[in-house]
Amino acid sequence: CKMSKNVREVFRLDELKDDIRRNMVALLGNDPRSKRKFSYYNALAYSVRERLVDLWMRTQSDYYDSMAKRVYYLSMEFLPGRFLMNYLTNMGIVDECREIVAELGFSLEELEEEEWDAGLGNGGLGRLASCYLDSMVSQNIPGYGYGILYDYGIFYQSIVNGNQEERCDNWRRHGCPWEITRLDTLYEVKFYGRSETYYDSDGNVRFRWVDTENVMAMPCDILIPGYGCSHVSNMRLWTAQSSREFNLSDFNRGDYIGAMHGKVMSENITKVLYPNDQFLQGMELRLKQQYFLVSATFQDILRRYLKQHTSLAALPEAVAVQLNDTHPAIAIPELMRLLMDVYGMGWDVAWDICTRTFAYTNHTVLPEALETWPVDLLGRLLPRHMQIIYEINRRFLEGVAATFPGDTERLSRMSVIQEEGGQRVRMANLAIVGSHTVNGVAALHSNILQTGLFRDFHEYYPRKIRNVTNGVTPRRWLMQCNPALSRLITQSIGPEWCCNLEKLRELVPLAEDSAFRDAWARAKLENKRLLSRYVLRKVQMGINPNTLFDMQFKRMHEYKRQLLNVMHVISLFNRIKDNPSADITPRTVLFGGKAAPGYYQAKLIIRLINEVARVVNADADVAGRLRVAFLPNYCISQAEKVVPAADLSEQISTAGMEASGTGNMKFALNGALTIGTLDGANVEIMEEVGAENIFIFGLKAHEVAEKRRSGYNPREFYENDAELRRVMDMIGSGFFSPDERGLFSPVYDSLMHHGDYYMLMADYRPYMEAQAAVDALYLDQDQWVRKSILNAANMGKFSSDRSVMEYARGIWHVEPLGK
Ligand code: DL6
């Protein structure tokens, strides 16, 4: 909104076409008469990027001039997806650019499709980081993202004979026009070696880290334009480069290749993103990646800080560091090391600076995702850090023991070092002890942290653990991905909603206006048509836009319960087969999501979805009423097509297990109705949209916990529910895998014989009833559309602008620049 009047001048749009042609020749070495889309996409990207560099430099001088406190968001994952449309949207030049590109003989959409997603993350955690960067810069909060530039991002998923296959995501193979590589900036990152004591000139014992193996970190910046572009920030991603040192003993023996070997290997550090979502793999290379990010980032932070300060004493007044989960938590001993060993401070002063600098966000309570590192491994890779961690822990436990004398069990629970099963460093404990604030990502989740996972810490530090509910950026997740609906909203209530999402509430009265409802329904239908064409292209399957689009798109994980959704599909299938003339609401059930390559059960569920789809879609009785598809390679650019087209959003995790979810927010913001459990942010979505506008079912978090304590018997549900029994027997007996009858036995067994940990059996009947309510409401289109409008209208709270302002005011203590 801010710049729309003089946007042509500011971005020199009259010269854009010539610049594209110039870049075709000068940068890409291509003939501008060629009609290669990929070349034109690149030339356009460079021409757009160069328009922002000046604004970026101005933003940086603003930060310096005002001595603003800066926020550093440290994350092993960012999931920006594609950049082109995001730049154009935030610059406010989508329409102008579309015209210019048309004059060159292309549509903007076809050039957009030439861009590979930057898939530098697994899912929600990485996408949240990207939304927060957009919201920080759009609200003039001086912030930077710091991460790793993986050569291979999250794998490309294909489905072959119903099974997931992984292909490497060589996303930078043809270059990435958004990267600005800083060839002249290199930091040394140390590994291995040993910690040595010595006496300084005052006779104090000091430590130094010696005999290390060194790798160089080179930064690569990607600009992040704020909406309206009054500010442009960047995310700085590190790549590993070999150091110039040589293995001299090999070299002297004439073994040139041997001498080179270590150098070459060191560049592997940033080769590949670990593709496990919420599962610790515990590989040395992963710990190396974490320290690599932290070490390079802190060298950069301190360099920038020391340009304007002579002492590090004021670091917490100038720098706030947010740890995105525990992945970068090694930053705590690293800052201690720098302050003590490099800058000569004593422990107490250093620790005070440290704990006023860091804040930590927890994103999961799943035990298998909580990071612990073997002391042996950490001590070998980072010997000085291990010493510091021991000392942090010794002092911390002294304090706990003084507050809770004699409570040795509590001490062992709270210790940063886990003793049982071989010593390990508990990264969450380290992050809590070393941070001034710890936050969960939705009200329920933060409550679970306070009363469950981190209860001991909450009792010890009663004000440290709090909540900041997640959010999503409305620029990408409504304005950019859903032009039809955005246009309608802007025509109805003006354009301010995209910077102040609470404004959407002005749509509430329009839900009662039948003309508006018609227009709303038309926008949805248009999106459903677009998605149908995409599905046809992607999986060669026709789907009918006039059916209910029921969507579950997220990582494949047992706790997210895609299997429960499949059980509903099978039940619908049976009902139609039993009564082919039954009057049922026609549905298209779409799934998408990647399973971690080593996660056998999740991959088997993908196979089950595909086998169920094969049976259902081939059945003549079912035709026109039920259709199922799994769309391969769910990623950000696919989400941008799926989200606007959804009628129903499936958010059906076992209560207490999904920390927040952000897909739930994106879907509801685009007018989907949610069917979900009272889990994560679903609870707050219900509070905002009203219980009458959402389909809530199933066990609540405390009921799940209670059932676990008192003994849960899934067989009881099997025995008492004939419809459920039939579904389970079909899965278990090979109905969907006639050539391999036992294929889905592990799925059957997990529910029937291995305790049904995620409690699908208990939630099956309530889920079926909630789905019946969905079917009934969908038949009343007027009421459905009304509720769809009310959902979007009440999503103001879930803008990442709100989340970021809560972090800024309550945790980072920074104010937007210029306010
Ligand atoms: O906070 C972002 C996102 C939440 O919305 C999801 O509910 C949660 O599952 C996800 N957590 C992770 C944890 N990974 N680790 N560690 O991805 O965070």
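Residues numbered from 1 in each chain as written. Predicted model: local features only at pLDDT ≥ 70, side-chain atom pairs only at ≥ 80, totals over all residues. Heavy atoms only, no water.

## As for the overall build of the protein chain
Thinking step 1. Of regular secondary structure, the protein chain possesses 34 helices and 23 strands.
Thinking step 2. Taken over the C-alpha trace, the protein chain has a radius of gyration of 27 Å; the compact-globule value for 819 residues is 28 Å, and the two agree within 12%.
Thinking step 3. Each of the three principal axes of the protein chain carries a C-alpha extent, and together these read 90 × 70 × 60 Å.
Thinking step 4. The buried share of the protein chain, reckoned over its 819 residues, is 62%.
Thinking step 5. A sequence separation of at least 24 residues applies to 76% of the contacts in the protein chain between residues at least 6 apart.
Thinking step 6. About 30,500 Å² of surface is accessible on the protein chain, with carbon and sulfur atoms providing 51% of the total. (Helix = DSSP H or I, 4+ residues; strand = E, 2+ residues; numbered from the N terminus. Rg over C-alpha atoms; globule rule 2.2 N^0.38 Å. Buried < 20%, exposed > 50% of the residue type's maximum accessible area, 1.4 Å probe, protein only. Contact = heavy atoms within 4.5 Å. Areas by Shrake-Rupley, 256 points an atom, 1.4 Å probe, with all protein chains shown as cover.)

## Regarding the packing of aromatic side chains
Thinking step 1. A full pass over the atoms with the stated rule returns 32 aromatic pairs.
Thinking step 2. Taken together, a centroid distance of 4.5 Å and an interplanar angle of 50 degrees make the contact between Tyr 87 and Trp 178 tilted. Placement of Tyr 87 in helix H4 (residues 84-91) and of Trp 178 in the loop between strand E4 (163-167) and strand E5 (179-181) is noted, with a sequence separation of 91 residues between them.
Thinking step 3. With relative accessibility at 0%, the residue Trp 178 sits in the buried group.
Thinking step 4. Between Tyr 187 and Trp 238, the aromatic rings sit 5.7 Å apart at their centres with planes inclined by 65 degrees, giving edge-to-face as the arrangement. Here Tyr 187 is found in strand E6 (residues 187-191), whereas its partner Trp 238 is found in strand E10 (residues 232-242), with 51 residues between them in sequence. The burial state of Tyr 187 is the same as that of Trp 238; both residues are buried.
Thinking step 5. One aromatic cluster is present, built from ring pairs that chain together Tyr 63, Tyr 72, Tyr 144, Tyr 146, Tyr 187 and Trp 238.
Thinking step 6. Sitting above the plane of the Phe 207 ring, Arg 384 keeps its charged end 4.0 Å from the centroid. (Phe/Tyr/Trp six-rings, centres within 6.5 Å; stacked < 30°, edge-to-face > 60°. Lys NZ or Arg CZ within 6 Å of the ring centre and 35° of its normal.)

## Section: the sheet that holds strand E19 (residues 587-592)
In any sheet, the strands associate via hydrogen bonds between backbone groups, in a parallel or an antiparallel arrangement.
Thinking step 1. Pairing in this open sheet of six strands is parallel, and the strands run E20-E19-E18-E21-E22-E23 from one edge to the other. Whereas interior strands pair on both sides, the edge strands pair on one side only; in this sheet they are strand E20 (626-630) and strand E23 (695-696).
Thinking step 2. Note: strand E22 (residues 673-676) against E23, two bridges, orientation parallel. Each residue of the ladder has a partner; that of Ile 675, found in E23, is Phe 695.
Thinking step 3. Set on the sheet, helix H23 (residues 562-578) makes contact with strand E18 (548-553), E19, E20 and strand E21 (648-651); between it and E19 the angle comes to about 155 degrees.
Thinking step 4. The strands touched by helix H32 (residues 760-779) within the sheet are E18, E19, E21, E22 and E23, with E22 carrying the most contacts at an inclination of about 165 degrees. (Pairing = 2+ DSSP bridges. Axes fitted to C-alpha atoms, helices over the stretch in contact; angles between N-to-C directions.)

## Focus: the domain arrangement of the protein chain
Thinking step 1. Split into domains, the protein chain comes out as domain 1 (1-65 + 83-115), domain 2 (67-82 + 117-470 + 804-812) and domain 3 (548-780).
Thinking step 2. Distance from the C-alpha centre of domain 1 to the C-alpha centre of domain 3: 42 Å. (Domains from an automatic or database assignment.)

## Quick look at the site of the ligand
Thinking step 1. Lining the immediate surroundings of the ligand are 17 residues, of which Gln 278, His 363, Asn 470, Glu 658 and Gly 661 lie closest.
Thinking step 2. At 2.8 Å, a side-chain N or O of Asn 470 approaches an oxygen atom of the ligand.
Thinking step 3. In this structure, Ala 659 approaches the ligand through a main-chain N or O atom, which is 3.4 Å from an oxygen atom.
Thinking step 4. When the ligand is considered free in solution it has 430 Å² of accessible area, and contact with the protein chains removes 94% of it.
Thinking step 5. Of the residues assigned to the shell around the ligand, the class counts are five nonpolar, nine polar and three charged. (Near = heavy atom within 4 Å. Polar contact = N/O pair within 3.5 Å; in protein donor to acceptor, adjacent residues only side chain to side chain. Nonpolar A, V, L, I, M, F, W, Y, C, P; charged D, E, K, R; others polar.)

## Some words on the state of the cysteines
Thinking step 1. Applying the stated criterion to the full structure yields zero disulfides.
Thinking step 2. Cysteine Cys 229 is unpaired, with the sulfur of Cys 499 as its nearest cysteine sulfur at 12 Å.
Thinking step 3. Residue class for Cys 229 comes out buried when judged on its relative accessible area of 1%. (Disulfide = S-S within 2.5 Å.)

## Description of the sheet that holds strand E14 (residues 417-418)
Thinking step 1. Strand order across the open sheet formed by three strands is E13-E15-E14, with antiparallel pairing between neighbours. Strands at the two margins of the open sheet, each flanked by one partner only, are strand E13 (372-374) and E14.
Thinking step 2. The pairing of E13 with strand E15 (residues 424-426) spans three bridges and is antiparallel. Following the sheet pairing, Thr 372 is matched in E15 by Arg 426.

## Topic: helix H9 (residues 256-266)
Thinking step 1. Taken together, the buried positions of H9 are occupied by Ala 259, Lys 263 and Ser 266. Each buried residue of H9 lies within a common arc of 55 degrees when the element is viewed along its axis, so the set occupies one face.
Thinking step 2. The elements touched by buried residues of H9 are strand E9 (213-225), E10 and helix H8 (248-252). (Arc of directions from axis to C-beta.)

## Some thoughts on the packing of helix H22 (residues 514-539) against helix H33 (residues 781-793)
Thinking step 1. Between H22 and H33, the shortest axis-to-axis distance is 10 Å and the interhelical angle comes to 80 degrees. For the element pair H22 / H33, the angle class is roughly perpendicular. In contact with Phe 516, Arg 517, Trp 520 and Ala 521 of H22, H33 contributes Asp 782, Val 785, Arg 786, Ser 788, Ile 789 and Ala 792.
Thinking step 2. Across the contact of H22 with H33, the residue classes tally to six nonpolar, one polar and three charged. (Parallel < 35°, antiparallel > 145°, perpendicular 65-115°, else oblique.)

## Remarks on unusual backbone geometry
Thinking step 1. Positive phi values are uncommon outside glycine, yet Met 67 reaches one of about 50 degrees.
Thinking step 2. A positive phi angle is found at Asp 325, which is not glycine, with a value near 65 degrees.
Thinking step 3. If you trace the backbone, Asp 325 turns up in the loop between strand E11 (319-324) and helix H12 (331-342).
Thinking step 4. The class for Asp 325 is buried, based on a relative accessible area of 6%.

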